[in-house]
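The residues making up each chain are set out below.
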Amino acid sequence: MDQYSPATFAAGIAGNVFAFVLFVSPVPTFGRIVRNRSTQEFSGSPYVYSLMNCLICMWYGMPWVAGVVLVATVNSAGAAFQMAYVALFLFYADRTRKIRIAVMLIAVLCAFAAIVYLSLEFLDKPAWKALVGYLSVASLISMFASPLFIMNLVIRTRSVEFMPFYLSLATFLMSLSFFAYGGLLHDYFIYIPNGIGTLLGAVQLLVYGYYSRKTEEESTLPLLP
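How each quantity is defined
Residues numbered from 1 in each chain as written. Predicted model: local features only at pLDDT ≥ 70, side-chain atom pairs only at ≥ 80, totals over all residues. Heavy atoms only, no water. UniProt positions renumbered as here; feature names shortened; annotations may be inferred. Helix = DSSP H or I, 4+ residues; strand = E, 2+ residues; numbered from the N terminus. Buried < 20%, exposed > 50% of the residue type's maximum accessible area, 1.4 Å probe, protein only. Contact = heavy atoms within 4.5 Å. Areas by Shrake-Rupley, 256 points an atom, 1.4 Å probe, with all protein chains shown as cover. Salt bridge = Lys/Arg side-chain N within 4 Å of Asp/Glu carboxyl O.

As recorded in an unreviewed UniProt entry, the protein goes by the name Bidirectional sugar transporter SWEET, listed as coming from Zingiber officinale. The annotation that UniProt attaches to the protein under Sequence similarities (unreviewed entry) is "Belongs to the SWEET sugar transporter family." Under the Subunit (unreviewed entry) heading, UniProt states for the protein: "Forms homooligomers and/or heterooligomers."

Right under this line is the structure:
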């Protein structure tokens with residue numbers, strides 16, 4: 001199906017909107033970092049990993065690779081956001097964290113440059129698309145799997161304190177939108193990882209619903225004398 005057909009375009013635009021919600025979600029965290037002029041106990045690693053994911057997916061969506069415009073646009077914006085977050089983290093981090101994150105950032109940029117070079121210089125068109133496509137699938141699946149650690153924490157602590165509902169919902173809706181978008185385009189490099197992301201997002205919401213209800217029930221129990 002043409003990516004500019006109404007249904008396909010609507011699914012892609014919805015995915016872009018929900019992805020934008022995810023991209024701006026760290027703004028309060030970095031507002032706190034700027035106010036305190038310190039990264040405190042926050043980690044910069046997730047933003048470096050997200051930058052790598054956005055760069056690979058952006059490259060896959062480019063006209064000279066797969067030519068999926070709405071994948072390229074959303075991940076270009078995502079890469080800009082993650083780069084800004086990493087730059088702020090580097091500015092306010094202590095020396096040890098600054099060095100560690102700088103090394104990670106250089107490694108990510110070198111890896112991305114190598115992907116671009118190899119795909120342009122040594123691969124014909126089908127292999128070129130497949131290489132970047134498989135890398136984007138691996139990157140997306142690892143990103144969608146990262147909330148499993150949060151779910152494990154929720155189950156262990158029986159508290160949803162560390163699982164923001166609206167962030168989980170936005171992740172689920174973004175995955176669902178791009179799952180539909182990839183399905184309509186018959187592009188399995190898009191719909192397979194986002195299908196997995198949709199399932200994991202649904203599980204995350206179910207876990208949230210179950211443990212938030214448990215928390216409410218426990219808070220209404222009468223106190224023992």
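Engineer: Explanation requested: the overall build of the protein in the structure shown.
Structural biologist: Along its length, the protein carries nine helices and zero strands. Walking the protein from its N terminus toward its C terminus, one meets helices and strands in the order α-α-α-α-α-α-α-α-α. Taken over the C-alpha atoms alone, the protein extends approximately 75 × 45 × 25 Å along its principal axes. By residue count, 42% of the 225 residues in the protein fall in the buried class. Considering only intrachain contacts with a sequence separation of at least 6, the fraction spanning at least 24 residues in the protein is 76%. Total accessible area on the protein is roughly 12200 Å²; 72% of this is exposed by carbon and sulfur atoms.

Engineer: Explain the pattern of salt bridges to me, please; I cannot follow it from the model alone.
Structural biologist: Summed over all chains, the structure comprises one salt bridge. The residue Glu-41 makes a salt bridge to Arg-97 at a minimum N-O spacing of 3.8 Å. Taken as a pair, Glu-41 in the loop between helix H2 (27-36) and helix H3 (45-61) and Arg-97 in helix H5 (residues 95-121) lie far apart in primary sequence, 56 residues in all. When its relative accessible area of 15% is taken as the criterion, Arg-97 is described as buried.

Engineer: Even after reading the chapter, I still don't get the UniProt feature "transmembrane region" (unreviewed entry) in the protein, so can you show me in this structure?
Structural biologist: Look at the UniProt record and you will see "transmembrane region" (unreviewed entry) annotated at residues 6-25, 46-62, 68-92, 99-120, 132-155, 162-182 and 188-211. For the annotated span residues 99-120, helix accounts for 100% and strand for 0% of the residues, and the straight-line distance between the end C-alpha atoms is 31 Å. Secondary structure across residues 132-155 comprises 96% helix and 0% strand; the distance between its end C-alpha atoms is 36 Å.

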